[in-house]
Amino acid sequence: MKTYITLLMLMCMLSGCGLQPTSSPDLYEPGVSQALAERRKQEIKELAYDLRFVIPEEKALPIAGEVTLKFVLEKPQEVIIDFREEKEKIQSLSVNGQESAFEYRNEHIIVSESSIRKGKNEVSIRFTAGNQSLNRNDEFLYTLLVPDRARTLFPCFEQPNLKANFTLQLEVPAAWKAISNTYIAREETEGGRKTVTFAPTEPLSTYLFSFVAGKLEHREYEEDGRKISAYYRETDPKKVAQLDVIFKQVTASLRWLEEYTGVPYAFAKYDFIILPGFQYGGMEHTGATLYNDTQMFLSEHPTPDEELRRTELIAHETTHMWFGDLVTMDWFDDVWTKEVFANYFAACITEPLFPDINHRLNWMKTYTAAALSEDRTPGTNSIRQPLDNLQNAGLIYGQIIYNKAPVMMAKLVELMGKENFRAGIQEYVKTYAYGNATWDDLIRILCSHTDEPLAAFSDVWVNRKGMPHIRFGVRREESGRWKAALAVSQQDPYRRGLNWPQQFNVTFCSEARDTTVEVSMKDSVCLIPLPFEPTHILPNTDGRGYGLFIPDEGSMQWLLAHWQDLSDDTTRQAMLMLLYENYLAKHFADDVWMQALLNGLHKETNPLIASTLTSYLSGPLRGLPEAMRAKTEKELYDLSQTHPLTSCRTQLLRTLSTEAYSTPIVQLLYKVWETRSAALLSDNDYTTLAYELSLRLPQESDRILDTQRKRIANPDRLRQFDFISQAVTPDTLKMDSLFHALLLPENRRIEPWAASALHYLNHPIREAYAVKYIRPGLEVLREVQRTGDIFFPRKWAGVLLGNHRSREARQEVEKFFEAHPDYLPLLKNKVMQAAYPLMRSTE
């Protein structure tokens, strides 16, 4: 016993002195643990990659790769390299010119200390590249490595705070073009093959390394001495002509950011590639930004929303060149710090490009509405989320970091002042250029430019989930004489006692006059003396506030009847959104809400508010009795033919294409599709209408699909149609076969197509039959996360569950979680976000 106690004391003394074992099990777990990343960050210096890939023309053939990792160590030690592929794909490994043995364990290549020396080291590996992130198509491919997918392509140190210089050589078919982060240094053609060598990059994180190769068209543009190249596969001349606008908006974004930050564009070039089937709106690879073709090449009659969305997307990706690429988060728990800047500054950049747009209104419609869509659900999360392993980094992404974060940032700017904020941002970019930073680093800099309590503000808005529920009511009391005040009280729906500091306007209304006052919420209750006896009180009339705003009953009833009569566009949008949130909170019924929407549609003259109105129609339509629904669909169809706003007519036709079920309206839509008589609808709209008609008219399905297929000339869109159209067959055996095929990763390779197919398999018209897809669709979700890109797990859950409203469907979800009590919390949140309409309808 004495010996045991002595040994125990010695172990405690060693622990207290910091003498820990050299290796921890966390270092070798699958993925990239935070412990491994922290250790490598301390040890690895002067990192560089030399990469070579040999790309065959046939997409089924493997791609051979070679990589040399160059780095400096202070002492010999074990080196852990990340590679998420089978060990058999590693052909050879040498260290400092000598072939070396290695261990492969849990997605890691482990090189022993005996092979490593103090100072400069070179580890060279010949391998077969993983296909997961190569996005191989018949005539082109592109890499998409965010957040931790570089390790699926080549062996590397996969973490954002180990920036490196990349040198790349590609061997491709001679007819292909090749694009990467930097300029081409050398190009040689021999026979039917071409070798392209690119200049070394600036310091980049692995997720920003990229290349694209394939049969692509090319166009150059020059403005202010800056050359930009576009690469694309679009064949429609009218769409290609839109490149003129796109180029100008890219250069406008670059100019704005250089002026605002005081830091010139920091990378070798700015080129972009517009691709069919691209998973996201865009991806900010330096020198090779990728965009989705449907987001960039708009229809012949784009709505104002679509034009604004394209500009905001361009500005978003361009902002990332400073925030994300030049200054990168230290770890992916702070990935939101690049997205908050991208969306906040995108709004700033877009504003002068659209001088006739009400940008306060557009902010609400774009950022506030999207943030609320997730924050209202039981699957909501804080802006900043813990992350212990990079393999789960994709689950950090969502509407909260993209849209609630800029809402928070706008409040922070309001708190500290625009000029103080700008000075802090300029210091931040210059301090951490080509390096990494955390949110806490930024807050420390911003605090040096203001006396406001930013840390306390940040704790509530950034570190805590949820949003306030804010109620309004008049309080009366007698103290010598009667006094009346408006009591504005905020409640934490999670009962933590949190108060969200923010400011917003409240308008007191009577027949004689209106008065607007600013509310500054700092505590749980704010009392505002009544300026007069109001007939109704309108909360958040400037739309600055964030949360669920619940008016008193009299004001709620007035709004439902008269919101459309408000003269100010910003107030009208804010009240429409307020009513929508109260509808979702079940404060009034479907028919009441539908009547309020119809009242607005008949009067609305602002295209952005009309767009919001049409986006709200589907929910109450599904809740109406059959006869009332048919009458409402007829009213909406008539409006689609007569509304004074062109964009509203387009959006109403699109809504009816996906939501109409009454026989007369379906027949009218069939005639529109057959004769192509609606000039406002695009080719994509007619394809969607063909899918929907195939579901509603199963006896005509084959003819509808065959006719629509013959209308499609573009080969990429034809491949897309052939994939998705399988899902609208009336044959249940074929439906089941397609669903089971989608459970396999190789059939989900083009994720937008796979998501569309799953959506149609779970279409509302098939709701009862499709309940059986829910459980297997949820069971495969972990695999979807492992093999898919960052937004795909949420998208998969959304199209699987989003159209279900039955108790049977709810039971399937509940049984799934009962069977998996320890389900990954980040992924469970995605399911609960997707299941919100189902849970709401079955409460």
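Anything mentioned here points back to the structure above.
Everything numeric in this text was worked out from a predicted model, so none of it was measured.

A. Representation of the overall build of the protein chain within the structure. The secondary structure content of the protein chain amounts to 32 helices and 28 strands. The C-alpha radius of gyration of the protein chain comes to 29 Å, within 12% of the 28 Å expected for a compact globule of 843 residues. Its C-alpha atoms give the protein chain principal-axis dimensions of about 85 × 75 × 65 Å. Residues counted as buried form 58% of the 843 residues belonging to the protein chain. Taking all contacts inside the protein chain whose residues are at least 6 apart in sequence as the whole, residues at least 24 apart take part in 72%. Carbon and sulfur atoms make up 51% of the accessible area of the protein chain, which totals about 33900 Å². Between the averaged position of the 95 positive side-chain charges in the protein chain and that of its 112 negative side-chain charges there is a distance of 1 Å.

B. The arrangement of the pairing of strand β19 (residues 289-292) in detail. Of the two faces of β19, both are covered, the one formed by T289 and Y291 as well as the one formed by L290 and N292. Relative to β19, strand β18 (residues 282-283) is paired through two bridges, and the arrangement is antiparallel. Counted as the bridge partner of M283 is L290 from β19. Here β18 folds back onto β19 in antiparallel fashion, the turn holding five residues, of which G287 has a positive phi close to 75 degrees.

C. Up close: the sheet that holds strand β5 (residues 98-99). One open sheet holds the eight strands; their spatial order is β5-β4-β8-β2-β1-β10-β13-β12, and the pairing between them is mixed. Two strands in the sheet have a free side with no partner beyond their single neighbour: β5 and β12 (184-190). Examined bridge by bridge, β12 and strand β13 (residues 193-198) share six bridges and lie antiparallel to one another. Looking across to β13, one finds that E190 is bridged to R193.

D. Representation of unusual backbone geometry. With an omega of -5 degrees, the peptide bond between V146 and P147 qualifies as cis. Phi is positive for D224, which is not a glycine, with a value near 55 degrees. Residue position: D224 is located in the loop between β15 (217-223) and β16 (226-232).

E. View of the pattern of salt bridges. One pass over the full model with this rule turns up 59 salt bridges. The partner of R384 in a salt bridge is D334, and the shortest N-O contact between them spans 3.0 Å. Taken together, the residues R384 in the loop between α9 (359-375) and α10 (399-416) and D334 in the loop between β20 (327-329) and α8 (336-353) connect sequence positions 50 residues apart. We classify R384 as buried; its relative accessible area is 19%. Across the pair R464 and D459 runs a salt bridge whose closest N-O atoms are separated by 3.3 Å. Residue classification places D459 among the partly exposed positions, given a relative accessible area of 29%. A single salt-bridge network, built from bridges that share partners, covers K59, D138, E139, K215, R233, D716 and R719.

F. Just empty space enclosed by the protein, in detail. On inspection of all chains with the given rule, the structure shows eight cavities of 30 Å³ or more. Each pocket or cavity is described by its volume, and for the largest cavity that value is around 130 Å³. Within the residue set of the lining of the largest cavity, elements represented by two or more residues are α9, β28 (548-550) and α15 (569-584). Top contributing element to the lining of the largest cavity by residue count: α15, with four residues. Partitioned by chemical class, the residues of the lining of the second largest cavity number four nonpolar, four polar and three charged.

G. Here's a closer look at the side chain of R572. Turning to its location among the elements, R572 is positioned in helix α15. Residues within four places of R572 in sequence aside, it is in contact with W563, Q564, L566, S567, E604, N606 and I609.

H. Broad picture of the layout of surface pockets. Approximately 750 Å³ is the volume attributed to the second largest pocket. Contributing to the lining of the second largest pocket are 29 residues, with Y344, C348, E351, A410 and K418 lying nearest its centre. Mapped by element, the contributors of at least two residues to the lining of the second largest pocket are α5 (243-261), α8, α9, α10 and α11 (418-432). The element contributing the most residues to the lining of the second largest pocket is α9, with seven residues.

Each value, and the rule that gives it
Residues numbered from 1 in each chain as written. Predicted model: local features only at pLDDT ≥ 70, side-chain atom pairs only at ≥ 80, totals over all residues. Heavy atoms only, no water. Helix = DSSP H or I, 4+ residues; strand = E, 2+ residues; numbered from the N terminus. Rg over C-alpha atoms; globule rule 2.2 N^0.38 Å. Buried < 20%, exposed > 50% of the residue type's maximum accessible area, 1.4 Å probe, protein only. Contact = heavy atoms within 4.5 Å. Areas by Shrake-Rupley, 256 points an atom, 1.4 Å probe, with all protein chains shown as cover. Lys, Arg positive; Asp, Glu negative; His and termini not counted. Charge placed at Lys NZ, Arg CZ, Asp CG, Glu CD. Pairing = 2+ DSSP bridges. Salt bridge = Lys/Arg side-chain N within 4 Å of Asp/Glu carboxyl O. 1 Å grid on protein atoms, 1.4 Å probe; cavity = no way out; pocket = protein on both sides within 12 Å on 5 of 7 lines; lining within 4 Å. Points joined across faces, edges and corners; volume = space filled by probe spheres on them. Nonpolar A, V, L, I, M, F, W, Y, C, P; charged D, E, K, R; others polar.

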